[in-house]
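Here's the letter readout for the chains.
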Amino acid sequence: MAAPGGFSGTDFRNEEAYFLGFTQAQVIAFVLLIALLAIGPFFLYPVFLMKLLCFALFACAFNLLIGYVGLLSFGHAAYFGMGGYITGYTAKMWGLPPELSILLGGAVGAALGLVIGWIAIRRQGIYFAMITLAFAQMVYFFCVQARFTGGEDGIQSIPRGHFLGIVDLSRDMNMYWLTAGVFVVGFLLIHRIVHSPFGMVLKSIRENEPRATSLGYRTDDYKLMAFVLSAGLAGVAGGLKSLVFGIATLTDVFWTMSGEVVLMSLVGGLGTIFGPFVGAAVIITMQNYLAEFGAWVTVIQGVIFVLCVLAFRRGLVGEIGNWLRVRL
Amino acid sequence: MDEIFGIPAPLLFGQLLLGLINGAFYALLSLGLAVIFGMLNVINFAHGAQFMMGAFAAWMLLEYAGLNYWWALLLAPLLVGAFGVILERTMIARLYKLDHLYGLLLTFGLGLIIEGVFRNQYGSSGLPYRIPPQLSGAWDLGFMFMPVYRGWVVAVAAVMCLATWLVIEKTKIGSYLRASTENAALVQAFGINVPRLMTLTYGAGVALAAFAGVLAAPIYSVNPQMGSNLIIIVFAVVVIGGMGSILGSVITGFGLGIIEGLTKVFYPEASSTVIFVVMAIVLLARPAGLFGRA
Amino acid sequence: MSRIQRRAVLAAAAGAATFGAAPARRARAQANTIKIGVMNDQSGPYRDIGGPNGVILAQIAAQEFGNNRGFNVEVVSADHQNRPDVGANIARQWYDQGVDMILDVPTSSVGLAVNSVAREKNKVYINVGAATADLTGPQCSPNTAHWVYDTYMLAKSTGGAMVRAGGDSWFFITADYAFGHALERDTSTFVRSNGGRVMGSVRYPFPATSDFSAFLVQAQASRAKVIGFANAGADTINCIKQAAEFGITRRGTKLAALLMFIADVHALGLESAQGLVMTESFYWDLDDRTRAFSRRVQPRLNNRAMPNMVTAGNYSGTLHYLKAVADMGVAASKASGIETMNRMKRLPVEDEAFGRGTLREDGRMLIPSYLFEVKTPAESRGPWDYLKLLQTTPADEAWRPLSEGNCPLIRS
């Protein structure tokens, strides 16, 4: 049963950690995921897979906040887009190596998250969603005005560079392995956070914040910490994306991008570890296959939103997990 | 006193007036949102799409049925309101027991669908809709040239806001509404059909959006995106005014229209962002908005 | 959905199924098929300018060229949603998966993004729909041709001619993004060089503005004779509509839309649009040749729209590209986008829509530009009879001289 007022997945008994905090089912799913990542580029177009992984990381970061703290941020595009700009700018104009520019993108995302989060976490529910949206709009305005972002043209022709000075990333396969590596690291990091004592406190805040407070936890500090982590990872995802495509644009800071990441997490399953990946895969694949159909893509996305909310609130992964009686 | 802050006074007055007119649209739209939120606890993200439907309904009534603006003003809100009633009965009503955010996500999806369907059907360069002959022309106010139609918009919007406020505060049905916002179970126990009340409220909120859409049709291009440009701003208005507060949303709507108008004179590039700055400040100082109850 | 539209969708679907945007890696395209990818706005504000009709006109050109020249032609399409990242992504995927030429690509930011991908992959890119003159300027590429218009040509025709016709003081209402700034800057230059004055300008947030009355009132307060709209699409339409509402034209102020298409006039209606001045390089009712062409293709277009500058440009660009391919052979053409483009530059351009033209070294197509005024409802004889010709600028004067473009390809 979902906790009243929360976005939690299904709770199951029998939760012992099997390996690295994973349950048995999660280990199987994780091995499957790694296998998919390893053989994927030999069957599918690598750039498509890279896009998918960037968004999957973004959705995982977002899910950390909504799935485990119960905070719906409607402005996550700000950190994603800003990360993209910073990575793109430093890689192109300062000639920084990719690993550094991505880290910088993540750092700026986290810093932005610290400022916005510090204000936003004082509010709950819809007010939280609205204030994050408001700040994201201000970040958007800043990006339109600021010189370094290149306005609506964005930062174009961003070089991918050489990873650690040796691996030539302009070859798609090399870039793919880097992207997959960053995704897996990010994924495991989020998993680690969720299963740490820190993560337990987060979940207790999601379930019942007053009680967590009464137990002596400074819930605001915990929420802010989660917010910053989420924003930082979103920044990394944005930076990675701008290297993959060689372009950083206003699209990634616009509020529709915030809506898209909500959709991905919702489709995959809020509060599930694998949900954001699956959700991102579904949405990105759909956008790719349906690009010819123009406005119908919007309609189909809307239909998916409606169906998910009405019938599959657990999302794909949540439903499968529920059906198999395991937590995924 | 020819100049105020380096801007010629007549120009400044003109801008204030125009800001007030935009404020009328904000007020009407946020009024509908506030009514829906106050009663149903649903953030109606499809409000912009329903506003657009109102404008399209006016255009269709003229194009296919030959009915003019005045008929549209009456019929379009009814038609779109009926559509809202269907949405409420079939979908939104299922979500009342869940977290409010699900309502936001559902209506967000509905908005995408409506907008996409209209874009497929009618393209996106927009359709022409003329100002009714009775309201065309303009008054020369001395400091500016004021189209009659804009004056009409402000007047009608103000009347509509007042009427809604009266219905909610002074009538019996309004008292039922307010009561069920406080405690729906108790009101139900008194034998009042609360689900029907909620359906009607949603329908009425949507009809208000459609009414604003008809008012907007002659001055803005009737196109599928016309609502999505406005909706984010209107959300900010509702949040600043205090979620669910009727009076708050009306006053904030007009007030922000004026603030925006002034920004257009002094720093036009920021005119779409100033509202969000105000919103952030207000939320920091008064978490529940200017007129909301915490 | 009309029958044609449905067919177009089916064709697109078939294209997608065979390769298109399908992520599956089927890089081996048939050696004997030339694939043309039409990328434009199928769902947003520029849908009616290029959009599905742009795809249909490319298909018509491919059909008319015929499949009996030893190779087949296939046309696929995609929607870039006016997002440079989406456009770059589709371009990369298309070129990787066997598309030989990308066509149309409206919206300057997307046009520039595809430009760098085409160069990286050494394929052919014919831009029809984007306005930015940078495509043949600082960002010019040996793989790119820019077909029917650009900001320089619009500014020169509208700005210059307007001043000569007495509109010598201007006020700009500018969309606050690089494209709007470029339009304003270029037009101001021509206004000043023709002896006119710029009284002021106002920049409004893009794309979040729908009420322009405040800016129109500021423009009027400046007492400029001409209000120039440095924006595009729905913004321009809203500006014009609201200008009519505020009686600005009735008081003798002229409106100049710096980027406007006949589809926009159609959307506005002559009541609001009359008297507006705009520049295009194609109009269906220009002469016998354009009339014959337009009447022939019109029945196949969605909503029975007349071809406009951009859709006709898609026809013209496709035809010329296919001529070059036939001339040099499919294999040689697939091997190098630069070589194909060089061949296109050597061959004379000639078709029913635009008549004769030449493709310059920097990728700029040279054709005449025309300054039009929108007719009054009384002057118009029916749908699509909207424009009257004010002035023609010959092909050798209409465009930015090679020496001023700062195109790195040109060694001066």
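The shown structure was predicted, so the numbers you read here are calculated from the model rather than taken from an experiment. (Residues numbered from 1 in each chain as written. Chains lettered and ligands numbered in written order. Predicted model: local features only at pLDDT ≥ 70, side-chain atom pairs only at ≥ 80, totals over all residues.)

Engineer: Break down the overall build of chain A for me, citing the residues and quoting the values.
Structural biologist: The secondary structure content of chain A amounts to 13 helices and 2 strands. The C-alpha radius of gyration of chain A comes to 19 Å, within 12% of the 20 Å expected for a compact globule of 328 residues. Once the C-alpha set of chain A is aligned to its principal axes, its extents read approximately 50 × 45 × 40 Å. Looking at chain A as a whole, 59% of its 328 residues qualify as buried. Look at the contacts in chain A between residues 6 or more apart in sequence, and 77% of them connect residues 24 or more apart. (Helix = DSSP H or I, 4+ residues; strand = E, 2+ residues; numbered from the N terminus. Rg over C-alpha atoms; globule rule 2.2 N^0.38 Å. Buried ≥ 20, exposed ≤ 12 C-beta atoms within 10 Å, placed from the backbone. Contact = placed C-beta atoms within 7 Å.)

Engineer: So, the sheet that holds strand S4 (residues 124–127) of chain C: which residues are in play, and what are the values?
Structural biologist: By way of backbone hydrogen bonds, the strands of a sheet pair with one another, either parallel or antiparallel. Residues and elements named next belong to chain C. In space, the 5 strands of this open sheet follow the order S2-S1-S3-S4-S5, with parallel pairing throughout. Strands at the two margins of the open sheet, each flanked by one partner only, are strand S2 (72–79) and strand S5 (144–146). Strand-to-strand twist in this sheet, taken as the mean axis angle between neighbours without regard to direction, amounts to 20°. Lying over the sheet, helix H12 (residues 309–328) contacts strand S1 (33–40), S2, strand S3 (101–104) and S4, oriented at roughly 160° with respect to S3. (Pairing = 2+ DSSP bridges. Axes fitted to C-alpha atoms, helices over the stretch in contact; angles between N-to-C directions.)

Engineer: Account for unusual backbone geometry, with residues named and values stated.
Structural biologist: Residue and element names in this part refer to chain C. Although it is not a glycine, Asn-82 adopts a positive phi angle of roughly 60°. For Asn-82, a count of 22 C-beta atoms within 10 Å puts it in the buried group. Its identity as a non-glycine residue notwithstanding, Asn-406 has a phi of 55°, on the positive side.

Engineer: Outline the interface of chain B and chain C, supporting the account with residue identities and numerical values.
Structural biologist: If you look at the interface, chain B gives 34 residues, while chain C gives 35 residues. Contributions of two or more residues to the side of chain B that touches chain C are made by helix H1 (9–40), strand S4 (145–147), helix H9 (226–241) and helix H10 (246–266) of chain B. Ranked by the residues each element gives to the side of chain B that touches chain C, the list is headed by H1 of chain B, at 5 residues. In terms of residue class, the side of chain B that touches chain C is made up of 16 nonpolar, 14 polar and 4 charged. (Nonpolar A, V, L, I, M, F, W, Y, C, P; charged D, E, K, R; others polar.)

Engineer: A description of helix H14 (residues 337–346) of chain C should follow, citing residues and the corresponding values.
Structural biologist: Along H14 of chain C, the residues classified as buried are Gly-337, Thr-340, Met-341 and Met-344 of chain C. End-on, the buried residues of H14 of chain C take up no more than an arc of 100°, which puts them together on one face. (Arc of directions from axis to C-beta.)

Engineer: Break down the environment of Leu-154 of chain C for me, citing the residues and quoting the values.
Structural biologist: All names here are of chain C. Along the chain, Leu-154 falls in helix H5 (residues 151–164). With 33 residues separating them along the chain, Leu-154 and Thr-187 place their C-alpha atoms 8.1 Å apart. Dropping the residues within four chain positions of it, Leu-154 is found in contact with Tyr-149, Leu-258, Leu-259 and Thr-279.

Engineer: So what's going on with the packing of helix H4 (residues 98–120) of chain A against helix H9 (residues 219–245) of chain A? Residues and values would help.
Structural biologist: All names here are of chain A. In the contact formed by H4 and H9, the axes pass within 7 Å of each other and the chain directions differ by 145°. Remark: the crossing between H4 and H9 carries right-handed chirality. Among the residues making up the contact of H4 with H9, the classes are represented as 16 nonpolar, 11 polar and no charged. (Left-handed = near helix turned anticlockwise from the far one by under 90°.)

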